[in-house]
Amino acid sequence: MKKNKILVFVIACGLLFGACNQSEKESAEPKVAETQTKESEPWGAIYDSLVNLKEPVFKQERFDITKYGAVADGKTMCTNAFREAIKAAVANGGGVVIVPVGKFLTGSIHLESNICLHLEEGAEILFSKNANDFLPLVTTSFEGLELMNYSPFIYAYNKKNIAITGKGILNGQANETNWWPWKGSTSEGFAYGYKEGQPSQKDSLNLPALMKMADDNVPVQERIFGEGHFLRPNFIEPSSCENVLIKDVKIINAPFWVIHPLKCNKVIVDGVTIESHGPNNDGCDPEYSKNVVIKNCVFNTGDDCIAIKAGRDNEGRRTAIPSENILVKDCKMIDGHGGVVIGSEMSAGVKNIFVEDCEMDSPNLERVIRIKTNTRRGGVVDGVYVRNLNVGTVKESVLKINMRYAIYGNQTGDFIPEIRNIVLENVKVNDGGKYAIMALGHEKSPIENVTFNNVTIGKVQEGYLLENIENLNLINTKINR
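Nothing here was measured: the structure is a model prediction, and the numbers come from that model.

Cut-offs used in this document
Each chain has its residues counted from 1, running along the sequence as written. Residues qualify for local features only when their pLDDT is at least 70, as the model is predicted, and side-chain atom pairs are given and counted only at 80 or more; totals for whole chains, interfaces and linings, by contrast, use all residues. With hydrogens and water excluded, all non-hydrogen atoms of the structure serve as input to the side-chain values. Only a pair of cysteine sulfur atoms within 2.5 Å qualifies as a disulfide here. Burial here depends on accessible area, computed with a 1.4 Å probe over protein chains only, as a share of the maximum for the residue type. Under 20% is buried, over 50% is exposed, and the range in between is partly exposed. Two rings from Phe, Tyr or Trp (for Trp, the six-membered ring) form a pair when their centres are within 6.5 Å of each other. A pair whose planes differ by under 30 degrees is stacked, one over 60 is edge-to-face, and the rest are tilted. Secondary structure counts use DSSP, requiring at least four H or I residues in a row for a helix and at least two E residues in a row for a strand, with both numbered from the N terminus. Either the NZ atom of lysine or the CZ atom of arginine qualifies as a charge over a ring when it sits within 6 Å of the ring centre and within 35 degrees of the ring normal. Note on terminology: a nonpolar core comprises buried Ala, Val, Leu, Ile, Met, Phe, Trp, Tyr and Cys residues joined through side-chain atoms within 4.5 Å. Residue contacts are defined here by distance: any two heavy atoms, one from each residue, within 4.5 Å place the two residues in contact. Pairing between two strands is assigned when DSSP locates at least 2 bridges connecting them. Throughout this description, a polar contact denotes any pair of N or O atoms lying within 3.5 Å of each other; where both atoms belong to protein, one of them has to be capable of donating a hydrogen while the other can accept it, and for residues adjacent in sequence the pair is counted only when both atoms sit in side chains.

Draft legend 1. Quick look at the state of the cysteines. Across all of its chains, the model carries zero disulfides by this definition. Note on cysteine 116: no disulfide assigned, nearest cysteine sulfur contributed by cysteine 241 at a separation of 14 Å. Relative accessible area serves as the criterion here: at 7%, cysteine 116 is assigned to the buried category.

Okay, here's the thing in structure tokens:
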């Protein structure tokens, strides 16, 4: 296949391209063609089922944690009080565990089936700064690899009908002296408190060891980390759960990924505000999950606002559970590496992603829509449908698709990814940064079927950077005009 193969249809658009001065090898302006392609109609039964996804329902008996020994002074450990309140609610056949006004310090909270954890307005849960308060080890995940590690701060495994609700605050207390330095970042201005010589996830016995265990197919129960290791826990992780609701809470200062539904079905994240600018502080990361709705949320994050995952490399291929049927609706994205992102841990595949009626605006928001993979990850992305976005400013690009994403050294392999059917329609952008579209496909697997329909980008620096893309449709699209 010829390198830099690009096939573009421009239809009824009055299109103007600006500032495309790089060499033809590196960038190509779309060419006008007379052929018109038929627009797909993806917003059908799957979308309707997501819009109509129902919240779980709970018994209304209330179990106030202060009745089980919790003290609202922000200093007294309340781990046992949470545990006893949940235990009492379980004995009742379910119910609502109440966190009243005040500050409550705790270790990990483990939810059971038919339990709603409700934070009243004025309530704040402070999660301990002592890693030992998140023992014993549980089956969890780190960057797309399963392991035995510190418990996520709020965790549920193989449960049904669970919820975290209310107008209170979940405070992970992560900062430059707690959790964040474990990242081992040495980037100037982004060290997050790390100093050379301190232990970090990059040490050979930590993430590199986990990656090798996954490559060697070591059973998860034998991938023992936690104490003596430095892999940060997720904040909220329902794992292998069904009917999950996270609603209205504010989440701040996360150690790692904030909301991580893992192998879940029927998840609603509604009205949540996330403010956390630490390393890998993705806002919401559905992984191996299906039928997920993320709506009415505000994301102000140190990494991707929303990142859809499906396992890393051989682990993802063995697990073979795609992430599918995911709706992002009526959300606001402020800071972040990307507004809605797929990858890079997506080896089991991602399909049927819907994004609509969102607002994105920040000079620190790098991309609107991003898909990232490489030939170690592989994976198939099929069907990303975006409409009705209002975008102020982004730093790099409106749409970025990269099959050469590289981190942690050499990321080449024999698993050629596939990416197809990406549609953006009715999108208005004030300042798109460098590129309207940055799409870098693989010469053995071109990106297929990308459509911009009724997209207006008021300003962009260099227009397009395109390699190995087939069937790029620009319909009623205006750029730099």
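Draft legend 2. How the structure looks around the packing of aromatic side chains. The full count for this structure, using the stated rule, is 18 aromatic pairs. Between tryptophan 182 and phenylalanine 230, the aromatic rings sit 5.0 Å apart at their centres with planes inclined by 85°, giving edge-to-face as the arrangement. Of this pair, tryptophan 182 sits in the loop between strand E13 (169-171) and helix H3 (207-215) while phenylalanine 230 sits in the loop between H3 and strand E14 (236-239), and the two are 48 residues apart along the sequence. Through pairs of rings, three or more aromatic residues link up here, namely Phe127, Phe134, Tyr150, Phe153, Trp179, Trp182, Phe230 and Phe235. Directly above the ring of phenylalanine 415 sits arginine 317, whose terminal nitrogen or CZ lies 3.5 Å from the centroid.

Draft legend 3. Structural context of the nonpolar core. Among the nonpolar cores identified, the biggest contains 107 residues, and Leu170 and Met333 are the most heavily contacted of them. Ignoring sequence-local partners within four residues, the contact set of methionine 333 consists of Phe299, Cys305, Ile306, Val328, Gly339, Val340, Cys358, Glu359, Met360, Asp361 and Leu365. Of all hydrophobic cores here, the second largest spans 16 residues; its members include Leu50, Leu53, Ile98 and Leu245.

Draft legend 4. Highlighting the pairing of strand E29 (residues 397-402). The element E29 is largely enclosed, with a buried count of six among its six residues. Inspection of the sheet shows strand E27 (residues 367-372) paired to E29 by five bridges, in the parallel sense. Across the sheet, residue isoleucine 371 finds its bridge partner in E29, namely isoleucine 401. Pairing of E29 with strand E31 (residues 435-440) involves five bridges; the strand directions are parallel. When the sheet's bridge partners are listed, lysine 400 is paired in E31 with methionine 438.

Draft legend 5. Looking closely at the sheet that holds E14. Ordered in space as E6-E11-E14, the three strands form an open sheet in which the pairing is parallel. Across the chains shown, the open sheet's two edge strands, defined by having one partner strand only, are strand E6 (109-110) and E14. Pairing of strand E11 (residues 154-157) with E14 involves four bridges; the strand directions are parallel. Among the inter-strand pairings, tyrosine 157 is bridged to a residue of E14, identified as serine 239.

Draft legend 6. Main features of the environment of lysine 159. Structurally, lysine 159 is set in the loop between E11 and strand E12 (160-166). Residues lysine 159 and proline 233, 74 residues apart in the sequence, show an inter-C-alpha distance of 20 Å. When near neighbours in sequence (up to four residues on either side) are disregarded, lysine 159 contacts Leu111, Glu112, Ser113, Ser240, Cys241 and Glu242. Polar side-chain contacts of lysine 159 include one of 2.9 Å to the side chain of glutamate 112.

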